[in-house]
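Analysis of the macromolecular model
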Amino acid sequence: MPRPAAWRLSPDTYPIREQVQTRYQDLDTNGHLNNVAFAALFETSRVRMNRALGMWDKVDGFRAVVARNEINYLTEGSFPDPVEIAIGIGRIGNRSWDMLAVMLQNGQPIATCDTVIVMTAPVGETLPLALRERLEELGVNED
């Protein structure tokens, strides 16, 4: 795997940053955060961000699902130190958007995550304008 671009590893690239506590049960037999823990930590931030967009609280039939989730492990993570997850929006399509994130521990990047979210309902419609505008506001800064 080639090393990610420098902008992907800087938390300043992303509009949202949060600290998430690691747990003892996240460890593998070598005492490092296991791959499932990495996925769950990223998922926590991704779900919080998506819920903050407000679309899941509506009753108009809007639905979206994860279509692809790719995690690139850069180095080992450990317990008990928390991780910082920085997250934002990448590409926005007609019915989908990319969520890009980096996980840092003690200031060092330990993983990146790229997730594609696809709108499944209402069928045949594009992303609601209000959602598209909010996604654009939360875009990553690749500079």
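Right above here is the structure, for reference.
Let us look at the structure shown here. Note that the structure is predicted; figures quoted are calculated from it, not measured.

For the protein, the count of helices and strands is three helices and five strands. Tracing the protein from N to C terminus, the helices and strands come up as α-β-α-β-β-β-β-α. Against the compact-globule benchmark of 15 Å for 143 residues, the protein has a radius of gyration of 16 Å, which places it among compact chains. Along the first, second and third principal axes, the C-alpha set of the protein runs to 50 × 35 × 25 Å. Counting only residues that meet the buried cut, the protein has 42% of its 143 residues in that class. A separation of at least 24 residues holds for 71% of the contacts in the protein among residues at least 6 apart in sequence. For the protein, the computed accessible surface area is about 7700 Å², with 48% contributed by carbon and sulfur atoms. Here the protein contributes 14 positive and 19 negative side-chain charges, whose respective centroids are spaced 5 Å apart.

This brings us to the nonpolar core. The nonpolar side chains of a soluble globular protein tend to be buried with one another. Grouped together as the largest cluster of nonpolar side chains are 27 residues, with contacts concentrated most on Phe42, Val83, Ile85, Trp97 and Met103. Breaking this core down by element, the ones donating at least two residues are helix H2 (35-52), strand E2 (63-73), strand E3 (83-92), strand E4 (96-105), strand E5 (108-121) and helix H3 (129-137). With five residues, the single largest contributor to this core is E5.

For the bond running from Phe79 to Pro80, omega is 15°, close enough to zero to count as cis. With an omega of 0°, the peptide bond between Ala121 and Pro122 qualifies as cis. The phi dihedral of Asn106 falls on the positive side, at around 55°, and the residue is not glycine. Here Asn106 lies in the loop between E4 and E5.

As a further point, take the pairing of E3. One ladder, built from five bridges, connects strand E1 (residues 16-20) with E3; its direction is antiparallel. Paired with Glu18 across the strands is Ile85, a residue of E3. Looking at chain direction, E3 and E4 are connected through seven bridges and run antiparallel. Among the inter-strand pairings, Ala86 is bridged to a residue of E4, identified as Val102. In this antiparallel pair of consecutive strands, E3 and E4, the connection spans three residues.

Let us now look at the sheet that holds E3. Spatial strand order, E1-E3-E4-E5-E2: five strands in an open sheet with antiparallel pairing. Because the sheet does not close on itself, it has two edges, and the strands there are E1 and E2. Strand-to-strand twist in this sheet, taken as the mean axis angle between neighbours without regard to direction, amounts to 25°. In this sheet, E5 lies alongside E2 in antiparallel orientation, the contact comprising 10 bridges. In the strand pairing of E5, Asn72 is matched with Thr112.

Thresholds, definitions, all that
Residues numbered from 1 in each chain as written. Predicted model: local features only at pLDDT ≥ 70, side-chain atom pairs only at ≥ 80, totals over all residues. Heavy atoms only, no water. Helix = DSSP H or I, 4+ residues; strand = E, 2+ residues; numbered from the N terminus. Rg over C-alpha atoms; globule rule 2.2 N^0.38 Å. Buried < 20%, exposed > 50% of the residue type's maximum accessible area, 1.4 Å probe, protein only. Contact = heavy atoms within 4.5 Å. Areas by Shrake-Rupley, 256 points an atom, 1.4 Å probe, with all protein chains shown as cover. Lys, Arg positive; Asp, Glu negative; His and termini not counted. Charge placed at Lys NZ, Arg CZ, Asp CG, Glu CD. Core = buried A, V, L, I, M, F, W, Y, C linked by side-chain atoms within 4.5 Å. Pairing = 2+ DSSP bridges. Axes fitted to C-alpha atoms, helices over the stretch in contact; angles between N-to-C directions.

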